[in-house]
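# Coordinate analysis (summary)
Below, each chain spelled out in residue letters.
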Amino acid sequence: MPRLKIDSTRRRNSELALLALALLLVLAYSATVEATMLDTITPDFWVPTAALAGVFLALHVVARFLAPFADPVLIPAAALLNGMGVGFLRRLDLDDVNGVAEAADRGAFAGIGGRQLAWTLISVILAAALLVLIRDHRNVSRYSYTLGLGAIILIMIPAVLPAQYSEVNGAKLWIRFGSAFAIQPGEFGKLALVVFFAFYLVRKREVLSLASRRFLGIDFPRGRDLGPVLGVWMMSLLLLVFVKDLGTALLYFGMFVVTLYVATERSSWLIIGLLLFFGGVFLAYYLGELVGGPFANFYDRATVWLDPFSDIDGDGYQLVQALFAFGTGGLFGAGPGGGSPGVIPEVQNDFIFAGMGEEMGLFGLIALLMLYLLIVERGLRAALDVRDSFGKLVAGGLAFTLGLQVFVIIGGITGLIPLTGQTTPFLSSGGSSLMANWMLVAMLLRISDAARRPLASGGGLATAPGAKPAPQQLHGAPTEVIRP
């Protein structure tokens, strides 16, 4: 037991050291922004970083006691991304400041940066509460069908609401309460869907793994087993039509197909999924051109993507300004506070990566992408190491979901794919995305703790959700490792 305690203490101490480094970088960024924009540093520049430090350290303490074997990199990486997002949003607030005195009079919770700081405090507290409430990730499987139904409801509510209550920039992803408050329920729906998909595929894995015929060296599934994939494909097309957003449709469909691949280890599911999705996208594009109606929004976005400079003063203005910002930033950027990100519409939301790219340059953006990659890699590692199939699929699905969301939003603002309504995790302004992504991190912490916890200290048994323990487990025999 002393060795186990030493191992867990070492992990948490490493987490604390990395977290301190992340907060120092955020503090340095805030000071550099003020020095560049105001030619001085206000006396209270450290207050937002101190507030972040307090809540992140509180989460660290919760993890130290409730998830001592959890991955020590997840919290610091997410905290650095979150802190940089708060710092950049406060930098946007300084564009409207008239002089040093007005900047000094602003409170820590003023402006969009202040609101993001408040949302960060709420989000991290929610992540800590999740660690407190969920002591074993397998217990979540008891509510899988409820979560699946709730996810569908959350995703479809904006689609059926009138546009004045749900539509922002052409995409119906929001529930708006007046002009001051809005929530994006799909951010929470994606987490619930991952749990439901994992539970369903653990139970149906053997059936979905059966092959009917071999083509070009690949075993394809039986036709009767294509039902779930076709069902999720139809749902993604409905989202593309009624929610009017390619990114949301790609996120949910990709989440299911990849989780299915992890469960069955059959590459044929990836091929079928790609063919179905791209076929649906081309169908929606041509229907938008010929019919219009609910397909018109996707057709317009695809047209702007194909040639944004053809309508530089209209629909293509936002994307063109983002491309100019990337070009202006070059390799090293204009420096924190040295650019003009305010000329990009919605730079605090969908296009925050472009605004940061102008000031941080290519190398700075690569550093941010490496942080995302680190979180995804650690999530996949937890999926590989955890002993139960349900945990493997949940961790793998959550890690892939985060990575795919980053690809979708950054691919849109760089011109790789059509623009989407997705937010940049941990960076973009808004509470829904921030709360959902910190809940995602909390779930990865819980699963990584179970994965790294030795069996002698109460590690998780390798029983699938809903399955009865094997007789040898009841008599103290070695636990069987169930692999996906």
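Residues take numbers from 1 onward in each chain, read along the sequence in its written order. Thresholds applied to this predicted model are a pLDDT of at least 70 for local features of residues and 80 or more for the giving and counting of side-chain atom pairs; totals over whole chains, interfaces and linings are not thresholded and use all residues. The basis for every side-chain value is the complete set of heavy atoms in the structure, and neither hydrogens nor water enter the calculation.

### Here we look at the overall build of the protein
Only DSSP runs of H or I covering at least 4 residues are called helices, and only runs of E covering at least 2 are called strands; the numbering of each starts at the N terminus. The helix and strand tally for the protein stands at 17 helices and six strands. For every residue, the accessible area obtained with a 1.4 Å probe (protein chains only) is divided by the maximum for its type, and the residue is called buried under 20%, exposed over 50%, and partly exposed between those limits. Residues classed as buried in the protein amount to 54% of the 484 residues present. Residue contacts are defined here by distance: any two heavy atoms, one from each residue, within 4.5 Å place the two residues in contact. Put simply, 72% of the contacts in the protein that link residues at least 6 apart link residues at least 24 apart. Residue-level accessible areas treat just the shown protein chains as cover; the underlying method is Shrake-Rupley with a 1.4 Å probe. Accessible surface, the protein: about 21000 Å² in total, of which carbon and sulfur atoms supply 66%.

### Observations regarding helix H15 (residues 389-413)
In this model, H15 (25 residues) spans 36 Å end to end at C-alpha, consistent with the 36 Å of a helix rising 1.5 Å per residue. Within H15, 22 of the 25 residues are buried, which leaves the element mostly enclosed by the surrounding structure. Here, expected helix span is obtained from the residue count minus one, scaled by 1.5 Å.

### Section: the environment of Glu102
Take Glu102: it is sitting in helix H4 (residues 100-105). Judged by its relative accessible area of 32%, Glu102 is partly exposed. In this structure, Glu102 is in contact with Asp96 and Val97, ignoring residues within four places of it in sequence.

### A closer look at the confidence of the model for the protein
Close inspection of predicted coordinates is inappropriate in any region flagged by low pLDDT. Summarising the model, the protein shows a mean pLDDT of 84, and 84% of its residues fall at 70 or more. Summary of the metric used: pLDDT quantifies the predictor's per-residue confidence within the range 0 to 100. Below pLDDT 50 for its whole length, residues 458-484 participates in 46 contacts with residues either more than four positions away or in separate chains.

### Section: the nonpolar core
In terms of nonpolar packing, the biggest core is built from 127 residues, with Phe56, Leu368, Phe426 and Trp438 touching the most fellow members. If we ignore the near neighbours within four places in the chain, the residues touching Phe426 are Ala78, Leu81, Asn82, Gly85, Gln116, Tyr372, Ile375, Leu402, Leu434, Asn437, Trp438 and Val441. Among buried residues, the Ala, Val, Leu, Ile, Met, Phe, Trp, Tyr and Cys ones that are joined through side-chain atoms within 4.5 Å form a nonpolar core.

### Details of the packing of aromatic side chains
Between rings of Phe, Tyr and Trp, where Trp is taken as its six-membered ring, a pair exists when centres lie within 6.5 Å; planes separated by under 30 degrees are stacked, by over 60 edge-to-face, and by other angles tilted. Inspection of the entire model under this criterion finds 13 aromatic pairs. Taken together, a centroid distance of 5.9 Å and an interplanar angle of 65° make the contact between Tyr145 and Phe196 edge-to-face. Of the two residues, Tyr145 sits in helix H6 (residues 144-160) while Phe196 sits in helix H8 (residues 186-209), which places them 51 residues apart along the sequence. The class for Tyr145 is exposed, based on a relative accessible area of 54%. Judged by centre distance (6.1 Å) and plane angle (15°), the rings of Phe253 and Phe277 are stacked. Placement of the pair is Phe253 in helix H10 (residues 246-264) and Phe277 in helix H11 (residues 267-290), with a sequence separation of 24 residues. For the residue pair Phe253 and Phe277, the accessibility class agrees, reading buried in each case. Members of the aromatic cluster, joined through ring pairs, are Tyr145, Phe196, Phe197, Phe199, Tyr200 and Phe256.

### Examining the pattern of salt bridges
For this document, the term salt bridge refers to a Lys or Arg side-chain nitrogen within 4 Å of an Asp or Glu carboxyl oxygen. Tallied over the full model, the rule gives eleven salt bridges. With a shortest N-O distance of 3.2 Å, Arg378 and Asp71 are connected by a salt bridge. Of this pair, Arg378 sits in helix H14 (residues 352-385) while Asp71 sits in the loop between helix H2 (47-66) and helix H3 (74-93), placing them 307 residues apart in sequence. Since its relative accessible area comes to 1%, Asp71 is described here as buried. Each of Asp71, Glu377, Arg378, Arg381 and Arg452 takes part in one network of salt bridges that share partners.

### So, H10
The terminal C-alpha atoms of H10 lie 27 Å apart, and with 19 residues this matches the ideal 27 Å at 1.5 Å per residue to within 8%. Burial runs high along H10: 17 of the 19 residues are buried. Glu265, located one to two residues past H10, shows a positive phi value of around 60°.

### Topic: a negative patch on the surface
Negative charge collects at one region of the surface, where Asp300, Asp311, Asp313 and Asp315 lie side by side. By relative accessible area, Asp311 is classed as partly exposed at 33%. Within the patch definition used here, like charges are joined within 9 Å and nonpolar side chains (Val, Leu, Ile, Met, Phe, Trp, Tyr) within 5 Å, considering only residues with over 30% relative accessible area and no salt bridge. Charge assignment in this entry is limited to Lys and Arg as positive and Asp and Glu as negative, and neither His nor the chain termini are counted. Every charge is mapped onto a representative atom, which is NZ of Lys, CZ of Arg, CG of Asp or CD of Glu.

### Examining the environment of Leu25
Among the secondary structure elements, Leu25 is positioned in helix H1 (residues 2-38). Take Leu25: its relative accessible area is 43%, and that puts it in the partly exposed class. Taking the C-alpha atoms as reference points, Leu25 and Gly83, 58 residues apart in sequence, are found 8.9 Å from one another.

### Observations concerning the side chain of Glu15
The residue Glu15 is located in helix H1 in this model. Any N or O atom pair separated by 3.5 Å or less is treated as a polar contact, with the protein-specific requirement of one donor-capable and one acceptor-capable atom, and with residues adjacent in sequence counted only for side-chain atom pairs. Within the local environment of Glu15, its side chain forms a polar contact with the side chain of Arg12, the two groups lying 2.9 Å apart. Aside from chain neighbours lying at most four places away, what touches Glu15 is His60, Ala63, Asp71, Pro72, Ile75 and Pro76.

### Here's the deal with unusual backbone geometry
Despite not being glycine, Asp39 has its phi angle at roughly 65°, a positive value. Overall, the relative accessible area of 70% leaves Asp39 in the exposed class. Its identity as a non-glycine residue notwithstanding, Phe426 has a phi of 70°, on the positive side. Tracing the backbone through its elements, the reader meets Phe426 in the loop between H15 and helix H16 (431-452). Owing to a relative accessible area of 1%, Phe426 belongs among the buried residues under this scheme.

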